[in-house]
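Residues per chain are reported as follows:
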Amino acid sequence: METKVIKIQAENGVFSKAEEEALRLAGENLQQGGLVAFPTETVYGLGGDALNPASSRKIYAAKGRPSDNPLIVHISRLEDIYEIVDTVSEDAIKIAREFWPGPLTMILPKSAKVPYETTGGLDTVAVRMPSHPVARKLIEYGGGYIAAPSANISGKPSPTVAKYVIEDMDGKIDVIIDGGEVGIGLESTIIDLTVTPPEILRPGYITDKMLAEVLGQVDTDVTILHAESGQAPKAPGMKYRHYAPKGELTVVQGAPEAVAAYINSCTTADKQKGYKTGVIGTQEMANVYQADVIKVVGSRQDEESIGRHLYSFLREFDDEQVTRIYSESFASEGFGQAIMNRLLKAAGHNIVRLDAPEV
Ligand code: AMP
Ligand code: MG
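This one's a predicted model, so the numbers in the text were calculated from it and none came from an experiment.

Peer 1: Just give me the short version of the overall build of the protein, but keep the residues and values in it.
Peer 2: A tally of regular secondary structure across the protein gives eleven helices and 16 strands. The principal-axis extents of the C-alpha atoms in the protein amount to approximately 55 × 45 × 35 Å. A total of 359 residues make up the protein; the buried ones form 55% of that total. Here the analysis covers contacts within the protein between residues at least 6 apart in sequence; of these, 68% occur between residues at least 24 apart. With an accessible surface of roughly 14900 Å², the protein has 49% of that area assigned to carbon and sulfur atoms. If the 36 positive side-chain charges of the protein are averaged to one point and the 49 negative ones to another, these points end up 4 Å apart.

Peer 1: Hey, could you go over helix 1 (residues 17-31) for me, with residue numbers and the actual values?
Peer 2: With 15 residues, helix 1 should reach 21 Å at 1.5 Å per residue; the first-to-last C-alpha distance of 21 Å fits that figure. Restricting attention to buried positions, one finds in helix 1 the residues Glu19, Ala22, Leu23, Ala26, Gly27, Asn29 and Leu30. The arc that holds every buried residue of helix 1, seen down its axis, measures 155°, which confines them to one face. What points out from helix 1, more than 90 degrees from its buried face, is the exposed set Lys17 and Ala18. In this structure, the buried residues of helix 1 make contact with strand 1 (4-7), strand 2 (36-38), strand 3 (45-49), helix 6 (133-141), strand 7 (146-147) and strand 8 (175-178).

Peer 1: Break down the pairing of strand 9 (residues 189-192) for me, with residues and values.
Peer 2: The alternating pattern of strand 9 places Thr189 and Ile191 and Ile190 and Asp192 on opposite faces, both of which are buried. Pairing of strand 5 (residues 104-109) with strand 9 involves four bridges; the strand directions are parallel. When the bridges of strand 9 are listed, Met106 appears paired with Ile191. Where strand 9 lies against strand 10 (residues 199-202), three bridges are found, and the strand directions are antiparallel. Considered in strand 10, the bridge of Asp192 is made with Glu199. Remark: six residues form the turn of the hairpin made by strand 9 and strand 10, two consecutive strands paired antiparallel.

Parameters at a glance
- Residues numbered from 1 in each chain as written.
- Chains lettered and ligands numbered in written order.
- Predicted model: local features only at pLDDT ≥ 70, side-chain atom pairs only at ≥ 80, totals over all residues.
- Heavy atoms only, no water.
- Helix = DSSP H or I, 4+ residues; strand = E, 2+ residues; numbered from the N terminus.
- Buried < 20%, exposed > 50% of the residue type's maximum accessible area, 1.4 Å probe, protein only.
- Contact = heavy atoms within 4.5 Å.
- Areas by Shrake-Rupley, 256 points an atom, 1.4 Å probe, with all protein chains shown as cover.
- Lys, Arg positive; Asp, Glu negative; His and termini not counted.
- Charge placed at Lys NZ, Arg CZ, Asp CG, Glu CD.
- Expected span 1.5 Å × (residues − 1).
- Arc of directions from axis to C-beta.
- Pairing = 2+ DSSP bridges.

Pasting the structure below:
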């Protein structure tokens, strides 16, 4: 299959005539059962008509994604939630008013309209209204209900720039829309509203505190940061290895100077064994590292910059054939919880705790 790549700048959310027409055609393609990758404010999505079982099957095939890992349905107008959700709770409307359009996904009981192919066999459906202007316009032209997991081959880091969508999806899907670099860089927060109290299944830019301010008590799935809990994550997709670079990634936790010293001793030893080494570090420590490739995610205080760069850096290590990667560890509260959740998954929970008490 020939994949068409189109660039859409949409400066300040204003589309040129040509861009509008390109999006209309891409939307038509979705309505006819095609697949279109597009930017959202979180990561690039791989879109198909969520109400067409054949489209969902094609999404799983293109990603190589296990079919029990359900897809998120993207809408562009709040009222459309009533078509795909069986009972829309008051809580759902409350948080939709507060955080939509934006990086928040809600789990709710599905209506009969949503095929099991889209929900991975579940009676619940994940719904989100993204804020990215290209995503919103495409959803409108695509018929209103677009299933869109991240546009990467299953297991790899989610794409935050079109280059990596092309790398994974060229030849497998109809259209790739290049809308530049995304803003947030990590996938949406997922909250399950079918349980009481509501439970966060995946951390993201919308934090537990922000949700608790609107909903009162909110729980968080214990598996999010602790692989050791021995429990299965409640979002089916969270049990799979994810976001992983090809090289071996180790997260090192402790005081910044001790972490840098530890990482330097590791990279020195690795280099002697012939490995190409890489480090993910913050600006504060950047010039201390001695690895072959050093990626500076931003200042330790600037979590938005860390979130936005993490996946691209993991991909770039692959491009540069780095085989041993070490990362600093970050604060695990607020948006930092989402960063650490993705980083630990990418590392297969391979973490060295320098400040852990001796056993
Ligand atoms: P992605 O589309 O790659 O962002 O992944 C979607 C995530 O949403 C996966 O971790 C899924 O397991 C989760 N998800 C989607 N639908 C549901 C659902 N009905 N119940 C629980 N988790 C869901
Ligand atoms: Mg994904």
